[in-house]
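# Tertiary structure, described
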Amino acid sequence: MATATLESHDTHDDHGHGTSTGISNTKLAMWTFLGSECLLFGGLISTYLLYKTRRGPGPDNTTIPTDIFDIPFTSVSSFVLLMSSLTMVLALSALTRGDNRATRAWLLTTAMLGGVFIGGQVYEFTAFLREGVGFTHNPASSAFYTLTGFHGVHVSLGIVMLMSLVVASKQGKLTPKNTETVEVVGLYWHFVDVVWIFIFTVIYLIPTE
Amino acid sequence: MAITEEPLALTTGETAAAARPLGALTRPQGGNGWRDWLSTVDHKKIGIMYGVAAMFFFVVGGIEALLIRIQLAAPEGQFLSAEVYNQVFTMHGVTMVFLFVMPLAAAFANYLIPLQIGARDVAFPRLNALSFWIWLSGAIFLNTSWFVGGGGADCGWFCYSPNSGVAFSPSNGVDFYALGLQIAGIASLIGAINLIVTVLNMRAPGMSLFRMPMFTWLMLVTQFLLLFALPVITVALFLLMFDRLFDAQFFNPETGGDPLLWQHLFWIFGHPEVYIIILPSFGIISEIIPTFSRKPIFGYSFMVFSGIAIGFMGWGVWAHHMFVSGIGPFSVAAFSLSTMFIAVPTGVKILNWLATMWGGKIRLTTAMLYSVGAVAMFTIGGVSGVTHALAPADTQQTDTYYIVAHFHYVIFGGGVLGLLGGLYFWFPKIFGFMLNETIGKVNFWLILIGFNLTFGPMHVLGLQGMSRRIDTYSPGFGFELWNLVATIGSFTIAAGMLVLFFNIWKSKRDAADLPAPGPDPWDARSLEWSVPSPTPEHNFDTVPVVEGVDEWWHRKYGYDEDKRVVRIATIEEAAQDGSATGVHLPAPSFWPLVLAAGLPLIGYGLIFNLWLCVIGGALTGIAMYSWALEPVDDPDAGHDDHHDDGHDDPDDDPEHATAVTAGAEGGE
Ligand code: HEM
Ligand SMILES: [Cu+2]
């Protein structure tokens, strides 16, 4: 027991052996972190809800994002993001089976689906900009870009993590012994997806005015 | 390194250093002076660094407080201009809250939690170093606004919009506020995650949650408050930053922005923040009072549950800071009620401390005096707090000196006095010598009397109608006398602090002639007192097995047939002797420091020149990358093994001793 406790430093705290709860340190840390993230997005979503219909006072800043949404387009890119949760699960199960090639393939697919989602977001942002609805346009647009932007940054960080896993796997460092690393990245990825369901509902599905 | 099989070959690190390309950033091996401190991942050293830095900022915030009091000593003060006055009281509040009380609590948490739960370190030692360095870089960044930002922030510590917008605060002070607190917030978030995982996961065998010492318990609640409160202020600070730096439209009423949003977000964070300040002190008091009353804490589980209740209820009351902001009568009534309820668990705590002292064999040491003083002052602050919970009364008192009196009684009287008590209590454990008790009592009484002289009269001033945050007042309102008394009081506090620093200096000098304090100078109750003072790097020779609350006390005392307490073991018999071999500890690393150094550069970049962002970002990125590639344990470092090579007593090891002394001198 004593030795087990000793060995739980940073990354090499093996799969929860020797921790008081039986959950490994890294996984518990990720859960804790995600708890905190709930309030981050909670704050951003509340801000958006407060501002979503606030048009600017002048003649040129009265258009708000809601006026120009392309809901079918965003629905498709949301679907793509949700599918990436599935491929993430498949990556983990491939690793558990010890199938490295499949693991890499699924990780890459997940990252790619995330990339498609980000691409869709970039497209949406530029479309809005063309309509003249930029970040500083009015309170509603500031809130829109902040909320979706924060989410986009989270997805992008997730893609970086996935790509690091792919590299680690190529170098042979990702073996069935490290399923936990993939699980922890997976937790983050699923969280980001679930948050998007909320954001999508709040922004695009609940009618305004 | 894995459990050391061979005795170490390297104690000086020269060979290995020569082999490495990184020069100054080579991992230090063995205690080699300042590099050891800059790269340490030892929770005890990190705790000491937090403590030293926090005391430094206490002096800074204290000087700001004295400037305020000099200005207000007499009517029509000319000492500070109105602009500078605004900056000084804002930076005073910000410094005291974010750069003194919180990091001092973090100092105790870092040093003590692993020892109290029987762990060799925190769950993520390198992240622990990272949070210290990030906090420090945020703190330094924030204070450089005096020199490069055209002055400090001038919008009050809660920086209400639209005062904090560019229109009303055109200098860069508020940008420094937004970015500096953002950086410091990252540190607290990482720290909170680390300590939560540590407490939940790293407990020694037998240390169930309901056997944990009260200090660890209340710190755990505090960390959860941080975990959930910080992201809310993070959101607020981001919005403010976007408004100021990138012309977003969040808080500008002219274009449809809503200044009340800032108030809501700020106080959803800000009220729990009050408990983030006070609960660590409650935890400290809950260790000191039982020790010096020679009784177990009264109603342990009540103490735990009331702590948890305070943690929960702290969330439901934020809008009592906003009764006069126009949030509507229903909200006002609801928040008024919820605020009065929170007095209940707090009252439970006070009764438990009193019941613990009741019938106990009380020893009035300095630490005990501080604790009793904290309970008394906090009670006064709590009572005046309940009077604000009544919305009609608050409408009269808000933004007067009555409020200034109230919150200083709570956060200085309840929070800071408790922390200073903790300093006297744990000082011998941390530095290996006792603070002089006689000087300590002088120190305590000066601070207590000065405190009451300073803040007591502010109740009167407030009821007389003196507003807070005014840079001066006219004669003839009856404000002169009490302001003068308050200013005299504030210099008495300052004198008390000087006595504290003198005490540390003198006690250190005298320590050579006095017997070493040994592991347990106070005959205390929890596990940190079972290890030598100062604590060896590996904490415990053997990881303790815990059988109950107050484990350490029960190893020393038992009961005879008549249920009387009898000594069953001496301290020496029960204590660990500091001679473990083959202990494996994480290796030091410079990357946390480098990573943290990048963040203020990004901050300056956002304010002044985006190229600095690129440099800062690159530095941070390189540090992250190198961190990820650096093995947690340096396979050929010998840093923690100076206990394995025949030195049984850590004090025999010259390098170890130097490091600890350096801490004590730089200390205070
Ligand atoms: C040396 C002892 C201290 C003195 C003499 C002192 C004095 C003052 C005074 C006179 C003000 C009101 C300024 C104004 O409204 O114009 C003030 C504000 C404040 N103080 Fe202190 N203080 C002391 C210690 C502390 C400590 C230890 C803390 C926190 C732990 C603290 C936290 C604050 C805060 C948060 C404010 C509000 C600043 C604002 O209005 O934005 N003070 N202090
Ligand atoms: Cu409050």
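Residues numbered from 1 in each chain as written. Chains lettered and ligands numbered in written order. Predicted model: local features only at pLDDT ≥ 70, side-chain atom pairs only at ≥ 80, totals over all residues. Heavy atoms only, no water.

Counting secondary structure elements, chain A contains six helices and zero strands. Viewed in the frame of its principal axes, chain A has a C-alpha envelope of about 70 × 35 × 25 Å. Sorting the 209 residues of chain A into buried and exposed places 52% on the buried side. Residue pairs in contact within chain A that sit at least 24 positions apart in sequence constitute 74% of those at least 6 positions apart. On chain A, roughly 9,100 Å² of surface is accessible, and the fraction owed to carbon and sulfur atoms is 68%. (Helix = DSSP H or I, 4+ residues; strand = E, 2+ residues; numbered from the N terminus. Buried < 20%, exposed > 50% of the residue type's maximum accessible area, 1.4 Å probe, protein only. Contact = heavy atoms within 4.5 Å. Areas by Shrake-Rupley, 256 points an atom, 1.4 Å probe, with all protein chains shown as cover.)

This paragraph deals with the packing of aromatic side chains. Each aromatic ring pair is summarised here by two numbers: the centre-to-centre distance and the angle between the ring planes. Applying the stated criterion across every chain, the model contains 68 aromatic pairs over all chains. Residues Phe144 of chain A and Tyr145 of chain A carry aromatic rings whose centres are separated by 5.5 Å and whose planes lie at 75° to one another, so their mutual orientation is edge-to-face. Among the residues examined, Tyr145 of chain A registers a relative accessible area of 9% and is labelled buried. Taking NZ or CZ as reference, Lys45 of chain B lies 5.2 Å from the ring centre of Trp37 of chain B, over its face. Sitting above the plane of the Trp553 of chain B ring, Arg525 of chain B keeps its charged end 4.7 Å from the centroid. (Phe/Tyr/Trp six-rings, centres within 6.5 Å; stacked < 30°, edge-to-face > 60°. Lys NZ or Arg CZ within 6 Å of the ring centre and 35° of its normal.)

A few words now on the site of ligand 1. Residue and element names in this part refer to chain B. In the vicinity of ligand 1 there are 25 residues, among which Tyr85, His92, Trp157, His408 and Arg469 approach most closely. Contact distances for ligand 1 include 2.8 Å between a nitrogen atom and a side-chain N or O atom of His92. Here an oxygen atom of ligand 1 and a side-chain polar atom of Arg469 are 2.7 Å apart. Contributions of two or more residues to the shell around ligand 1 are made by helix H3 (43-72), helix H4 (82-116), helix H15 (401-431), helix H16 (437-464) and helix H17 (480-511). Counting residues per element, the shell around ligand 1 draws most heavily on H15, which supplies seven residues. Residue composition of the shell around ligand 1, grouped by class: 16 nonpolar, six polar and three charged. (Near = heavy atom within 4 Å. Polar contact = N/O pair within 3.5 Å; in protein donor to acceptor, adjacent residues only side chain to side chain. Nonpolar A, V, L, I, M, F, W, Y, C, P; charged D, E, K, R; others polar.)

A pair of packed helices is characterised by two quantities: the angle between their axes and the separation of those axes. Residues and elements named next belong to chain B. Remark: helix H11 (residues 329-341) packs on helix H12 (residues 343-357), axes separated minimally by 5 Å, with the N-to-C direction vectors making an angle of 15°. With respect to H12, the element H11 is oriented roughly parallel. Contacts between H11 and H12 involve Thr339, Met340 and Phe341 on the former and, on the latter, Ala343, Val344 and Pro345. A breakdown of the residues in the contact of H11 with H12 according to their chemical character gives five nonpolar, one polar and no charged. (Axes fitted to C-alpha atoms, helices over the stretch in contact; angles between N-to-C directions. Parallel < 35°, antiparallel > 145°, perpendicular 65-115°, else oblique.)

This part is about the coordination of the iron atom of ligand 1. Ideal geometry at a metal centre: 109.5 degrees between donors when four sit tetrahedrally, and 90 or 180 degrees when six sit octahedrally. All names here are of chain B. Protein-derived ligands of the iron atom of ligand 1 are His92 (NE2) and His408 (NE2), with the metal-ligand distances lying across 2.0 Å. Here the iron atom of ligand 1 binds six donor atoms, and the angle range of 86 to 179° at the metal identifies the geometry as octahedral. You can see His92 sitting in helix H4 and its partner His408 sitting in helix H15, a full 316 residues away along the chain. Residue His408 is classed as buried on the basis of its relative accessible area, which comes to 12%. (Donors = N, O, S within 2.8 Å, 3.2 Å for Na, K, Ca; no water. Tetrahedral: all angles 85-135°; square planar, octahedral: opposite > 155°, others 65-115°.)

A separate point is the coordination of the copper ion (ligand 2). At the metal site, the copper ion (ligand 2) is ligated by His271 of chain B (ND1), His320 of chain B (NE2) and His321 of chain B (NE2), and these contacts range over 1.7 to 2.0 Å. The sequence pattern formed by the donor residues of the copper ion (ligand 2) is H-x48-H-H.

Residue and element names in this part refer to chain B. Enumeration according to the criterion identifies one disulfide over all chains in this entry. Residue Cys155 pairs covalently with Cys159 via a disulfide, S to S 1.8 Å. Judged on exposure class, the residue Cys155 and its partner Cys159 are both buried. (Disulfide = S-S within 2.5 Å.)

What follows is about the pattern of salt bridges. What the rule picks out here adds up to 18 salt bridges over all chains. When the shortest N-O distance is used, the salt bridge between Arg54 of chain A and Asp258 of chain B registers 3.6 Å. Placement of Arg54 of chain A in the loop between helix H2 (25-51) and helix H3 (71-97) and of Asp258 of chain B in the loop between helix H8 (214-246) and helix H9 (259-293) is noted, with the two residues assigned to different chains. Of the residues examined, Arg54 of chain A reaches a relative accessible area of 25% and is grouped as partly exposed. A salt bridge links Arg126 of chain B to Glu630 of chain B, with the shortest nitrogen-to-oxygen separation between them at 3.4 Å. In this pair, Arg126 of chain B sits in helix H5 (residues 125-143) while Glu630 of chain B sits in the loop between helix H21 (610-629) and helix H22 (654-667), placing the two residues 504 residues apart along the sequence. If you follow the salt bridges from partner to partner, you end up with Arg294, Asp520, Asp523 and Lys556 of chain B in one network. (Salt bridge = Lys/Arg side-chain N within 4 Å of Asp/Glu carboxyl O.)

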